[in-house]
Amino acid sequence: MARQFYRHEIRRRKSEGGQKSEFKNFNQFMEKSESLKLLEDEMIGDKLLPLRESNLVFGEGNPEAKVVFIGEAPGFHEDRLKRPFVGRGGQLLERLINEIGWRRDQVYITNIVKRRPPENRDPLPEEIEAYRPYLTRQIEIIDPKIIVALGRFAMNYFLPEAKITRDQGKVFDVDGRLVVPMFHPAAALRGNNAMAQFTETMKKLPDVEAMPRETMPRSESATKKPLHPQSRLF
Ligand code: URA
């Protein structure tokens, strides 16, 4: 996937008149791809991880992505294809990623729990904890600027006290990264209001990315408070 993405990027940039020198990050790109592959292999071999009756859905996308989308856990289609967000919710997510001018393979997409819970039940706290060290390392390797937390489980993973209806669309500084909680695409598909807010927040993500970090207000408690506690950033 990573090599394929890199080749695609090279072709795209060349067709836009880019020079070879633009690809000086090749080594870093390959290092990250290989580190992610090693991490995936380690997870496959970890017999202590729960939900081992399902396939591992590690995540996919650009290993150097500035933006990482993180959902809850794979569902039926994701388990079958071993790819995150490929069902109806994933199609919505991908459509909106395209609508804001990005491509799915430019960002990185994964989940907090990387195997499907039976009957798509909510992930248990101990399952989330068991997968935590791996997600932590995955994020460290990619080193994104922005984490988009899809749904309350992903949101509470980073912001334990946040409430999805109150806090979706706000921007939080969590240990130096920007975390933007959003409704889960499945919730957006269930309700008009959630869909409207999901779409609205999504459309504003490119602005978050462009915000110069040094002009951002610093929050007292980096892990708990939104950068703009009183108002939505967008
Ligand atoms: N829901 C999620 O949270 N993640 C997926 O990958 C698919 C559905």
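Residues numbered from 1 in each chain as written. Predicted model: local features only at pLDDT ≥ 70, side-chain atom pairs only at ≥ 80, totals over all residues. Heavy atoms only, no water.

Draft legend 1. The arrangement of the site of the ligand in detail. Near the ligand you find Gly-71, Glu-72, Ala-73, Pro-74, Glu-78, Pro-84, Phe-85, Asn-111 and His-184, and these make up its full shell. A distance of 2.9 Å separates an oxygen atom of the ligand from a polar backbone atom of Phe-85. Out of a free accessible area of 240 Å², the ligand has 88% covered by protein chains. Considered class by class, the residues forming the shell around the ligand number four nonpolar, three polar and two charged. (Near = heavy atom within 4 Å. Polar contact = N/O pair within 3.5 Å; in protein donor to acceptor, adjacent residues only side chain to side chain. Areas by Shrake-Rupley, 256 points an atom, 1.4 Å probe, with all protein chains shown as cover. Nonpolar A, V, L, I, M, F, W, Y, C, P; charged D, E, K, R; others polar.)

Draft legend 2. View of helix α5 (residues 125-142). The end-to-end C-alpha distance of α5, which contains 18 residues, comes to 25 Å, matching closely the 26 Å that a straight helix rising 1.5 Å per residue would cover. For α5, every residue scored as buried is listed here: Glu-127, Ile-128, Tyr-131, Tyr-134, Leu-135, Gln-138, Ile-139, Ile-141 and Ile-142. Its buried side turned inward, α5 meets α2 (26-45), β2 (67-71), β3 (108-111), β4 (146-150), α6 (152-158) and β6 (177-182). Count one or two residues on from α5 and you reach Asp-143, which has phi positive near 55°. (Helix = DSSP H or I, 4+ residues; strand = E, 2+ residues; numbered from the N terminus. Expected span 1.5 Å × (residues − 1). Buried < 20%, exposed > 50% of the residue type's maximum accessible area, 1.4 Å probe, protein only. Contact = heavy atoms within 4.5 Å.)

Draft legend 3. Focus on the environment of Val-113. Relative to the elements of secondary structure, Val-113 occurs in the loop between β3 and α5. Sequence separation of Val-113 and Phe-153 is 40 residues, and the distance between their C-alpha atoms is 9.8 Å.

Draft legend 4. Geometry of the nonpolar core. Ranked by size, the top nonpolar core spans 59 residues in total, and within it Phe-69, Ile-70, Leu-93, Phe-158, Phe-198, Met-202 and Leu-205 carry the most contacts. A total of seven residues in this core trace back to one element, the largest contributor, which is α5. Residue contacts for Ile-70: discarding those within four places in its chain leaves Thr-110, Asn-111, Ile-112, Leu-135, Ile-139, Ile-147, Val-148, Ala-149, Leu-150, Ala-154 and Phe-158. (Core = buried A, V, L, I, M, F, W, Y, C linked by side-chain atoms within 4.5 Å.)

Draft legend 5. Highlighting the confidence of the model for the chain. Summary statistics for the chain give a mean pLDDT of 88 and a share of 83% for residues scoring 70 or more. Note that residues 216-225 has pLDDT below 50 and, in this model, 23 contacts with residues that lie over four places away or in other chains. Of the regions scoring below 50 in pLDDT, residues 228-234 engages in 14 contacts with residues more than four places distant in sequence or in other chains. (pLDDT = per-residue confidence, 0-100.)

Draft legend 6. Quick peek at the pattern of salt bridges. Within this structure, the stated rule accounts for 14 salt bridges. For Glu-42, the salt bridge goes to Arg-137, with nearest N and O atoms at 2.8 Å. Remark: Arg-137 occurs in helix α5 and Glu-42 occurs in helix α2; sequence separation between them is 95 residues. A relative accessible area of 36% places Glu-42 in the partly exposed class. (Salt bridge = Lys/Arg side-chain N within 4 Å of Asp/Glu carboxyl O.)

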